[in-house]
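Survey of secondary and tertiary structure
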Amino acid sequence: MFIHLIVIGWLYVVVMMAVAEATNTTGTVLGAIFTFLLYGLAPVALVVYLMGAPGRRRAIKQREAEAQEAARRAAAEAATKVPEDSGLPDQRGEAPADTVPPVRKET
């Protein structure tokens, strides 16, 4: 909230600088446009981007944590729902009955 006030104030100052540049007898409208872009929009965009980095980082970590928790829940649910004929080892640690024996290379 506080950063918004600073941005609005700075852009107001830069707009006034651009208006003074455009209306000055030795100034030009092109100079006013460059004043607004180089003194106003570029620095403000950079500051807003840098100030928003912690929030973006926090949001990314939260999304990753939620995805990891969802994957844990899905894995736990899948571990409890193993069908008998799936060919996977059962909960007693026995190997499935229909495994394929390794094939040796003939010499």
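Note: the structure precedes this text.
These notes cover the structure that comes with them. Source: prediction; values computed, not measured.

**Describing the overall build of the protein**
From N to C terminus, the protein includes 3 helices and 0 strands. Mapped in sequence order, the helices and strands of the protein form the string α-α-α. With 107 residues in all, the protein has 8% of them scored as buried. Once local pairs closer than 6 in sequence are excluded, the contacts in the protein between residues at least 24 apart make up 35%. Total accessible area on the protein is roughly 9,400 Å²; 66% of this is exposed by carbon and sulfur atoms.

**Section: the side chain of Thr35**
Among the secondary structure elements, Thr35 is positioned in helix H2 (residues 29–51). Excluding residues within four positions of it along the chain, Thr35 makes contact with Val14, Met17, Ala18, Glu21 and Gly40.

**Considering the packing of aromatic side chains**
In the structure shown here, the tally under the stated rule is 0 aromatic pairs. We note Arg56 situated over the ring of Tyr49; from NZ or CZ to the ring centre the distance is 4.2 Å.

**Some remarks on the pattern of salt bridges**
One pass over the full model with this rule turns up 2 salt bridges. With a shortest N-O distance of 3.8 Å, Arg73 and Glu69 are connected by a salt bridge. Taken together, the residues span about one helical turn, with Arg73 and Glu69 both in helix H3 (residues 53–80) at a distance of 4 residues. The class for Glu69 is partly exposed, based on a relative accessible area of 32%. Through salt bridges that share partners, Glu69, Arg72 and Arg73 make up one connected network.

**Thoughts on the packing of helix H1 (residues 2–23) against H2**
Put simply, H1 and H2 touch, their axes get as near as 7 Å, and they point 170 degrees apart. Considering the angle they form, H1 stands roughly antiparallel to H2. For the pair H1 and H2, the contacting residues are Ile3, Val7, Trp10, Leu11, Val14, Val15, Met17, Ala18, Glu21 and Ala22 in the first and Gly31, Ala32, Thr35, Phe36, Tyr39, Gly40, Leu41, Val44, Val47, Val48 and Met51 in the second. Looking at the contact of H1 with H2 residue by residue, the class counts come to 17 nonpolar, 3 polar and 1 charged.

**As for the packing of H2 against H3**
Following both chains from N to C, one finds H2 and H3 inclined at 40 degrees, their axes separated by 4 Å at the closest point. What the angle tells us is that H2 and H3 run oblique. Of the residues in H3, those touching H2 at Tyr49, Leu50 and Met51 are Ala53, Pro54 and Arg56. In the contact of H2 with H3, the residues fall into 5 nonpolar, no polar and 1 charged.

About the thresholds
- Residues numbered from 1 in each chain as written.
- Predicted model: local features only at pLDDT ≥ 70, side-chain atom pairs only at ≥ 80, totals over all residues.
- Heavy atoms only, no water.
- Helix = DSSP H or I, 4+ residues; strand = E, 2+ residues; numbered from the N terminus.
- Buried < 20%, exposed > 50% of the residue type's maximum accessible area, 1.4 Å probe, protein only.
- Contact = heavy atoms within 4.5 Å.
- Areas by Shrake-Rupley, 256 points an atom, 1.4 Å probe, with all protein chains shown as cover.
- Phe/Tyr/Trp six-rings, centres within 6.5 Å; stacked < 30°, edge-to-face > 60°.
- Lys NZ or Arg CZ within 6 Å of the ring centre and 35° of its normal.
- Salt bridge = Lys/Arg side-chain N within 4 Å of Asp/Glu carboxyl O.
- Axes fitted to C-alpha atoms, helices over the stretch in contact; angles between N-to-C directions.
- Parallel < 35°, antiparallel > 145°, perpendicular 65-115°, else oblique.
- Nonpolar A, V, L, I, M, F, W, Y, C, P; charged D, E, K, R; others polar.

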